[in-house]
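Take a look at the letters that make up each chain.
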Amino acid sequence: AQHLLAATPAVNLMTFSSAIDGCNWSRALELLQRLTWNGLVPNVIAYSSTIASCQKAGRWPTALQLLFVMDATAVAPNV
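What you are looking at is a predicted structure, and each value in this text was computed from that prediction instead of being measured. (Residues numbered from 1 in each chain as written. Predicted model: local features only at pLDDT ≥ 70, side-chain atom pairs only at ≥ 80, totals over all residues. Heavy atoms only, no water.)

1. Here's the deal with the overall build of the chain
Point 1. Helix and strand content of the chain: five helices and zero strands.
Point 2. Considering the chain as a whole, with its 79 residues, one finds that 30% of them fall into the buried category.
Point 3. Residue pairs in contact within the chain that sit at least 24 positions apart in sequence constitute 49% of those at least 6 positions apart. (Helix = DSSP H or I, 4+ residues; strand = E, 2+ residues; numbered from the N terminus. Buried < 20%, exposed > 50% of the residue type's maximum accessible area, 1.4 Å probe, protein only. Contact = heavy atoms within 4.5 Å.)

Here it is in structure tokens:
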């Protein structure tokens with residue numbers, strides 16, 4: 001996933017969301033944070049991919065925290 005971001009000249013929300021989808025939970029959280037550092041606003045796909053990574057790892061508190069962040073930033077979940 002990291003090489004995808006490094007090799008892409010114009011990193012955008014779709015690039016980050018695709019990279020997040022293929023990561024473990026900690027890398028997904030890191031990429032979600034880097035997304036905002038690049039001036040992008042996470043959408044439901046980026047959040048859902050990160051939440052799914054957390055769920056697969058049994059990181060339910062982190063997944064729930066992301067749901068609260070989505071609510072606070074007016075991003076409607078797709079669940």
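2. Points about helix H2 (residues 13-21)
Point 1. Taken together, the buried positions of H2 are Thr15, Phe16, Ser17, Ala19 and Ile20.
Point 2. Of the residues that open H2, the one with a side-chain oxygen 3.0 Å from the backbone nitrogen of Met14 is Asn12. (Polar contact = N/O pair within 3.5 Å; in protein donor to acceptor, adjacent residues only side chain to side chain.)

3. Thoughts on the pattern of salt bridges
Point 1. Taken as a whole and judged by the stated rule, the model has one salt bridge.
Point 2. Close ionic contact of Arg27 with Glu30 constitutes a salt bridge, the shortest N to O distance being 3.0 Å. With Arg27 and Glu30 both in helix H3 (residues 25-37) and three residues apart, this pair spans about one turn of that helix.
Point 3. For Arg27, a relative accessible area of 33% puts it in the partly exposed group.
Point 4. For Glu30, a relative accessible area of 35% corresponds to the partly exposed category. (Salt bridge = Lys/Arg side-chain N within 4 Å of Asp/Glu carboxyl O.)

4. Some details on the environment of Leu66
Point 1. Mapped onto the fold, Leu66 is located in helix H5 (residues 60-72).
Point 2. Its relative accessible area of 8% is what places Leu66 among the buried residues.
Point 3. For the pair Leu66 and Tyr47, spaced 19 residues apart in sequence, the C-alpha separation works out to 7.1 Å.
Point 4. Beyond its immediate sequence surroundings of up to four residues, Leu66 is in contact with Leu29, Leu32, Tyr47, Thr50, Ile51 and Cys54.

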